[in-house]
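Single-letter residue listing:
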Protein chains: 2
Amino acid sequence: MTSTTAGPDLSPTSGAQPVNTPVAPTADAAVTLQPVPLGASRSTGGFWFDRMQANRRQAIRTGYEKLETAGNLRNLRIAAGVEQGEAKGPIFMDSDVYKWLEAAGWEYGREADEEVLGWIREVTAVVAAAQADDGYLDSVQQVRGKGERYTGLHWSHEHYCAGHLFQAAVAVHRSTGDTGLLDVAVKLADHLVATFGPGGIEEVDGHPVVEMGLVELFRETGNRAYLDLARWFVDARGHGIIRTRFGVDPTYFSDRVPVREATSPEGHSVRAVYLTAGAADVAAETGDAELLDALVRQWEGMLSSKTYVTGGIGSRWDFEQFGDHYELGPDRAYAETCAAIASVQWSWRMLLATGEARYADLVERTLFNAFLPGVSLAGTEYFYVNALQLRHGAHAEEERSVAHGRRPWFDCACCPPNIMRTLSQLDAYVATTADRDGVPGIQLHQFTTGEVQAGGARVRVSTEYPWDGTVRVEVLESPGEFELALRVPGWAEGATATVAGQDVPAAAGDYLRVRRGFAPGDVVELVLPMTVRPVEADPRVDAVRGCVVVERGPLVYAVEQADLPEGLVADDVRVRVAELRDARAEHRPDLLEGVTVLHLPVHAAVGAATGPLYRPAGDDPAPQAGDATQVVPAVPYYAWANRELGAMRVWLPRA
Amino acid sequence: MTSTTAGPDLSPTSGAQPVNTPVAPTADAAVTLQPVPLGASRSTGGFWFDRMQANRRQAIRTGYEKLETAGNLRNLRIAAGVEQGEAKGPIFMDSDVYKWLEAAGWEYGREADEEVLGWIREVTAVVAAAQADDGYLDSVQQVRGKGERYTGLHWSHEHYCAGHLFQAAVAVHRSTGDTGLLDVAVKLADHLVATFGPGGIEEVDGHPVVEMGLVELFRETGNRAYLDLARWFVDARGHGIIRTRFGVDPTYFSDRVPVREATSPEGHSVRAVYLTAGAADVAAETGDAELLDALVRQWEGMLSSKTYVTGGIGSRWDFEQFGDHYELGPDRAYAETCAAIASVQWSWRMLLATGEARYADLVERTLFNAFLPGVSLAGTEYFYVNALQLRHGAHAEEERSVAHGRRPWFDCACCPPNIMRTLSQLDAYVATTADRDGVPGIQLHQFTTGEVQAGGARVRVSTEYPWDGTVRVEVLESPGEFELALRVPGWAEGATATVAGQDVPAAAGDYLRVRRGFAPGDVVELVLPMTVRPVEADPRVDAVRGCVVVERGPLVYAVEQADLPEGLVADDVRVRVAELRDARAEHRPDLLEGVTVLHLPVHAAVGAATGPLYRPAGDDPAPQAGDATQVVPAVPYYAWANRELGAMRVWLPRA
């Protein structure tokens, strides 16, 4: 532990002390890039800043209240013996508390707020009081388990809750300097080290996340036993170590194939990708190149056949699982919001390890199109599931159905506080720093208006991204020779750039690297082409055959019923690619808190409403659409279902 | 009760006694057609006869053994107090016993077999011993419930098991004359009448089937209280009467919308359609035209937007439910075998009520393409789920996955004995009898080689259907003026017919009705065109856009990896409709117990294996297939996965 102050200690981090950011590799870690601390990477305006502010102003407070009303804190008080009753909610109720604490921690790091600090300390006290003398902590298990521990680890989520506690404790400690929650975490981690691994209980939790938590706690405390246990958990898995009760096979638990042998993630998407993210942490801190190679292979497998065009992952409703390769149907897309978050966490770690732009590309795609749809513009209602299509007349069944619209909370409330903690740490994913050949540098991975300070330099980023493609980086302070790298997204064919007014090449899918003796006032400007891009899928994605998605910049667009004229149902919209390319973009500050809409020429399907369900096939190609072109607005997919809920589709059939 | 003999009584039924068939409307019932008793409708050879014989020779025996090894009979013995231990298996374990008893009963009716009768009596004794003094019977509940009854009726399946018992008791009584099982059923039914309905427990079981069971028991015994209770169950439902525990909403239980108001079945597919089938029985016996109208509307809703091209229903894996309208993806098609059986039962009742050919059309499509795929050619291995596509490299997860191939039994073994009882009663669905304007008649709904005796006439049907389209009906006995009606399937445009050598019109989708003074030796011949028919779906079925199915006769065909040349994966097969129409059919007696294969010209998708998952859209239409035509065999879908398991697809993308 590095701090003993009880109050906030916001002095700059120094030397071996981990930087104030969620993923802080040690000085010895095998990484290419180093994170820039929160505060040193700081959004000050624009798209993401607005979302972060909504999170700060609305969600964190609401979340704090929900922890009480949903019973999470009560469970902990019952475990502490200060309240009586039965535990409420799913077995992993504590994890919601920890995810909220993590969110509050990072928020306090962004901007000190005594009310938030008060909440953190109040909740920390509730958590600490529930902890058993030997460090064990899991309120639901303590209350329901009649003294039993770890007897059903495939489902009990005891390590899962611990992992989220560790991440929260690191956040609170790094951001506030408070050691209260860290003390609880260390006590629990020491208990796990004493209890699990070779010679102890040789089992793993059904739901990974403890691996990431343990590595970060190692980074925070320097206690290598935590890293060793994390590595053991990563390698023990995949050999059928989890007993398969209830007829659920090891696939679901990422326990069928060892991490080092798997070619793509499978089973429960959040479990699978929290595991690979934790494995990436282990690989970084142990310098395990073989493990990193395996993770690169898995990531490529995911991207090439198991990822929605939005970046979302996990297509199956049943058991929230990855489907087979190319099983990516839009109507029943599960694409859990938490899985998108897991994907961002994994890709971020792969980016730190390798420095390759493709990982930041997927972070961007996922944040805009798979993560952000999970929360309302107001910041207080959530999608658990993110389908890419809602049919006209769809009936809402269970609470996760998109046909319900976003909801304030869930019985299984994993997603809301996960969104909160992600928005609160979003500045961490904007930039990194690295020396190349002894020259310090800043790498800009995501584009948001703000400042970045690292490697002796300070730059100001100004952009209207994602609505406009111009990213202006002005050097405010310079150490002299310096390398400024800006990611040119893979979609940005035709990007251009200038350095101090001179054109420089900017290849899509790589970093634009400008190395020179920068002086304050120097400007690097990157211009990404904001054309309307019709995109199609590999023909093996059967469910979207003959369809295209419309993209502009980093955004995937959707046609929503609310924008369609009377008589035209979203289900029946048809498009022609050549016409889409010329679609007009219009920024509408009044709409959906400001969005650029695309005015798409569309055709209405002819004959859809007549004839039997199955009919003699027409000659190729089937005449399915008429020529009565209309122009209708498409909105960014993330913003859908913020008005009257109606039919929606991302994949548009060709006329 | 109509018989008190303990042994088999196979004397012809008379007067008011119900005929020996699963659905036997009373003389007062509001039906258009009357069933022909088993025995009077009798297959003697050909396609379905072979399947029935496999069922008789293999499955009934295997099922009998499984009831012991899977623990079903042991549960009953524990409930009877003659064995000790905990109940095994799901809450509805008794229903497997009853479905097997029903199958064995109808089999005995087809052909007396002392060994089968011995099994029936042995199992009946086990069931009878478990029954409580007041008639209550549900072994799992008796053993696990600690004396509680009906406290969790939304999930306990107590009425569900009762319904299957009633159907089994009717089968055994009608076929063997034994009253043992009927006595148990009557005692339980009397207990239900005394316990449920107005003034009693006003609740309904989460899983319908008791409605059908009660009506048939009313038909068998004449006790109108059973019919009244069935009607009460039908009408009580749909008003949220089932408390929604566990976050599962009323939709799942068909409890969201009253039967009389619903426009299509929704929720759990087997529940929903067992309910509508039971409602059809109620409508028939109460002469409730409003209820029948509502069922016609629901059936039309199902057929027009919630039915696979195979006739299968229920597209969602999660909760085994109907999807939204047009949500009919082939890869994750659930299409539970039991749901196909439920659909056949419902359509059969609608056919009896209305006499309309479309109901028999759906029975045919479903039997060949949604029911039959559920069982191996050997008759001993089963699909629970009937996907219409299996991708190359798909990984088998849970036991229901098609990627496992068919399996000998399941933890939840609803499908295997359901298949057994359906095959054992298949002759019941072949023909009906009815007077029109005082003229007696026989209606042939399904085509199988055999004899039908009804209305004073006896006819012999000879056909190689479904491989050949000629159906020859020879009059063996005639009462003089008589009407012979043959269904001309909706797919059979261009059908021709001759009566005593003279051409008569035969319109597809209706009955060919021949009324004349028939004499023995007269022949009516129907020739159905066995062309290869490419079929496409309503464009709102997004998941199969740009694809066609190949049909021939009543069969849906599939391309299976086992038939493809090295280097061509089923996933990449492309077709052109004009080429398909000319595909050559070849009967292969050596293949899959004799099938007609279709030699389809196919193209291989070009470029599928290269490029990113999502890519700039090509101009319309997208060039996705090359011109290297190959010819590969397609096999009837029902026969797939009887060889080496590999990729398979029913819907073939257009080149």
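The rules behind each value
Residues numbered from 1 in each chain as written. Chains lettered and ligands numbered in written order. Predicted model: local features only at pLDDT ≥ 70, side-chain atom pairs only at ≥ 80, totals over all residues. Heavy atoms only, no water. Helix = DSSP H or I, 4+ residues; strand = E, 2+ residues; numbered from the N terminus. Rg over C-alpha atoms; globule rule 2.2 N^0.38 Å. Buried < 20%, exposed > 50% of the residue type's maximum accessible area, 1.4 Å probe, protein only. Contact = heavy atoms within 4.5 Å. Pairing = 2+ DSSP bridges. Least-squares fit on C-alpha atoms with pLDDT ≥ 70 in both. Axes fitted to C-alpha atoms, helices over the stretch in contact; angles between N-to-C directions. Parallel < 35°, antiparallel > 145°, perpendicular 65-115°, else oblique. Left-handed = near helix turned anticlockwise from the far one by under 90°. Buried area = accessible area lost by both parts, 1.4 Å probe. Salt bridge = Lys/Arg side-chain N within 4 Å of Asp/Glu carboxyl O. Polar contact = N/O pair within 3.5 Å; in protein donor to acceptor, adjacent residues only side chain to side chain. Nonpolar A, V, L, I, M, F, W, Y, C, P; charged D, E, K, R; others polar.

Scanning chain A from N- to C-terminus turns up 16 helices and 23 strands. A compact globule built from 655 residues should have a C-alpha radius of gyration of about 26 Å, and chain A, at 25 Å, falls within 12% of that. Across the 655 residues that make up chain A, the buried fraction comes to 66%. In chain A, 70% of the contacts between residues at least 6 apart in sequence involve partners at least 24 apart.

What follows is about the sheet that holds strand E9 (residues 481-488) of chain B. Residue and element names in this part refer to chain B. Ordered by their spatial adjacency, five strands build an open sheet running E1-E4-E5-E9-E12, and the pairing between neighbours is mixed. Edge strands, defined here as strands with exactly one partner in the open sheet, are strand E1 (34-35) and strand E12 (510-517). Note that E1 and strand E4 (residues 431-436) share two bridges and pair antiparallel. Each residue of the ladder has a partner; that of proline 35, found in E4, is threonine 432.

Turning our eyes to something else, we now look at the pairing of strand E7 (residues 457-463) of chain A. All names here are of chain A. Burial along E7 is one-sided: the residues Ala457, Val459, Val461 and Thr463 are buried and none of Arg458, Arg460 and Ser462 is. The loop that links strand E6 (residues 449-454) with its antiparallel partner E7 comprises two residues; one of these, glycine 455, has a positive phi angle of about 60 degrees. In this structure, E7 lies alongside strand E8 (residues 470-477), joined through six bridges in antiparallel fashion. Bridge pairing in E8 links arginine 460 to glutamate 474. Connecting the antiparallel pair E7 and E8 is a turn made up of six residues.

In this section: the pairing of strand E19 (residues 595-604) of chain B. Side-chain direction in a regular strand flips from residue to residue, so the side chains alternate between the two faces of the sheet. All names here are of chain B. Buried residues dominate E19, accounting for nine of its 10 residues. Where strand E18 (residues 584-588) folds back on E19, the antiparallel hairpin that results is connected by six residues, among which leucine 592 adopts a positive phi of roughly 50 degrees. Direction of pairing for E19 relative to strand E21 (residues 630-636): antiparallel, over a ladder of five bridges. By the bridge assignment for E21, valine 602 is matched with glutamine 630.

On to the relation of the copies chain B and chain A. The two chain copies are related to each other by a rotation about an axis together with a translation along it. Between the two copies, chain B and chain A, the superposition gives an RMSD of 0.0 Å; the rotation angle is 180 degrees and the shift along the axis is 0.0 Å. Between the two chains, the operation in question is that of a two-fold axis.

Okay, the packing of helix H2 (residues 72-80) of chain A against helix H4 (residues 114-130) of chain A next. Residue and element names in this part refer to chain A. Packing of H2 against H4 brings their axes to within 7 Å, and their N-to-C directions diverge by 40 degrees. As the angle between them shows, H2 and H4 are arranged oblique. For the pair H2 and H4, the sense of crossing is left-handed. From H2, Leu73, Leu76, Arg77, Ala79 and Ala80 reach across to H4, where they touch Val123, Val126, Val127, Ala129 and Ala130.

Residue and element names in this part refer to chain A. Along the polypeptide, glutamine 141 turns up in helix H5 (residues 139-144). Take glutamine 141: its relative accessible area is 10%, and that puts it in the buried class. With residues near it in sequence (within four places) discarded, glutamine 141 still touches Ile91, Tyr136, Lys146, Glu148, Arg149, Ser156 and Glu158.

This paragraph deals with the interface of chain B and chain A. Of the residues lining the interface, 69 residues belong to chain B; the matching set on chain A comes to 68 residues. Summed over both sides, the interface of chain B with chain A buries roughly 5,700 Å², with 46% coming from carbon and sulfur. Three residues stand out in chain B for area buried against chain A, namely Arg545, Leu613 and Tyr614 of chain B, and they jointly supply 14% of the buried area on that side. Taken together, the links from chain B to chain A amount to 10 salt bridges. For arginine 332 of chain A, the salt bridge identified is with aspartate 318 of chain B, shortest N-O distance 2.8 Å. For the pair chain B and chain A, the number of links is 36 residue pairs in polar contact (both at pLDDT 80 or more). Elements represented by at least two residues in the side of chain B that touches chain A include exactly helix H12 (289-305), strand E14 (532-537), strand E15 (547-552), helix H16 (577-580) and strand E20 (614-616) of chain B. Here the element with the most residues in the side of chain B that touches chain A is E14 of chain B; it accounts for four residues. By residue class, the composition of the side of chain B that touches chain A is 30 nonpolar, 12 polar and 27 charged. With three bridges joining them, strand E20 (residues 614-616) of chain A and E14 of chain B adopt antiparallel strand pairing. Across the sheet, residue arginine 615 of chain A finds its bridge partner in E14 of chain B, namely glutamate 536 of chain B.

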